[in-house]
Amino acid sequence: MAEKVKSINLLPHKGEGFLDQFFNWALTIGRLLIILTETLALGTFLYRFSLDMKITDLHDVIKNQRAIVEQFKGTEETARNLQLRLAFAQKYDAVGGMTPSIFAEIVEMGRGIITFKILTVATGDIKIEAQAPNSSNLSLFVNKLKNSPEIASVSVDGVENKTSSSLIIMNITAHLKK
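Quantities reported herein were computed from a predicted structural model and do not represent experimental measurements. (Residues numbered from 1 in each chain as written. Predicted model: local features only at pLDDT ≥ 70, side-chain atom pairs only at ≥ 80, totals over all residues. Heavy atoms only, no water.)

**Brief notes about the pattern of salt bridges**
Right, so step 1: Counted under the stated rule, the structure contains five salt bridges.
Right, so step 2: Between R80 and E76 there is a salt bridge, and its shortest N-O distance comes to 2.8 Å. Here E76 and R80 lie together in helix α2 (residues 73-110), a separation of four residues that amounts to about one turn.
Right, so step 3: Classification of R80 by relative accessible area gives exposed; the value is 52%.
Right, so step 4: Here E108 ties to R111 by a salt bridge, and the two come within 3.2 Å at their closest N and O atoms.
Right, so step 5: You can call E108 partly exposed: its relative accessible area is 48%. (Salt bridge = Lys/Arg side-chain N within 4 Å of Asp/Glu carboxyl O. Helix = DSSP H or I, 4+ residues; strand = E, 2+ residues; numbered from the N terminus. Buried < 20%, exposed > 50% of the residue type's maximum accessible area, 1.4 Å probe, protein only.)

**Looking at the sheet that holds strand β1 (residues 115-121)**
Right, so step 1: Reading across from one edge, β1-β2-β4-β3 is the order of the four strands in this open sheet, with antiparallel pairing throughout. Of all strands in the sheet, those with a lone pairing partner are β1 and β3 (151-162), marking the two edges. The average undirected angle you get between the axes of adjacent strands in this sheet is 10 degrees.
Right, so step 2: Summarising the sheet, β1 and strand β2 (residues 125-132) pair through six bridges and their orientation is antiparallel. Residue pairing in the sheet places I118 in a bridge with E129 of β2. (Pairing = 2+ DSSP bridges. Axes fitted to C-alpha atoms, helices over the stretch in contact; angles between N-to-C directions.)

**Digging into helix α3 (residues 135-146)**
Right, so step 1: Over its 12 residues, α3 extends 16 Å from the first C-alpha to the last, a length consistent with the 16 Å expected when each residue adds 1.5 Å.
Right, so step 2: Regarding α3, the residues found buried are N137, L138, F141, V142 and L145. The buried residues of α3 occupy an angular sector of 135 degrees when projected down its axis, which confines them to one face. (Expected span 1.5 Å × (residues − 1). Arc of directions from axis to C-beta.)

**Topic: the pairing of strand β4 (residues 167-176)**
Right, so step 1: Most of β4 sits out of view: seven of its 10 residues are buried.
Right, so step 2: Sheet topology places β2 next to β4; eight bridges connect them, and they run antiparallel. Along β4, the bridge assignment pairs D125 with H175.
Right, so step 3: In this sheet, β4 lies alongside β3 in antiparallel orientation, the contact comprising 10 bridges. Its bridge partner being in β4, K162 is matched across the sheet by L167.

In C-alpha cells form, the structure reads like this:
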C-alpha cells in the first residue's frame, strides 16, 4: 500500500485562530505582490526595448534630414541674400521717389527770389548754398523752407556779404521729416 505523504506545517496548530488566518493572508498577498512586481519589471524591460528602437529610428531620420538640409544650404544662403537685397532696395526706392519731388519743390520755392549755387538733397538732410541781391529775398526763402511740410527744421550755417558783386551768400541746412 501507498504511504501517506505527511505534510510539514511550521505554523502552530491551535486551530484556525486569528494569527493563523493573518499569516495565511500575508503569505498569499506577498506572493501576489511578488508576481505583480515581476510582471511590472518584465513589462518595463520590454517597453525599454521598444523605446530604444524608436530612438534609433529617430536618429536615422535626423541623419537623413540633415543631409537634405545641408544640400539646400547654398540655395538657402542665396535666397536670404536676395531677400535682404530686395528689402534694402525697397527701403531706398521709397526714399528715391521722394528726393526728386523735394528737389523740385525747393527749386520752385526759390524761383525768382534767389540763385542756387549748390543744392544737395540726401536721405535726411538738404544742403543749400544760395545767393541773393538782398537779405529780404534770403529771409523770404528761409521762411518758405520752414513752412514746407516735408522739412522738420532749418538752420542757417553761414552768411557772407560779397561787396564786390553786391550779393549775399547763405549756407542753409534743412532736416527732412522721417
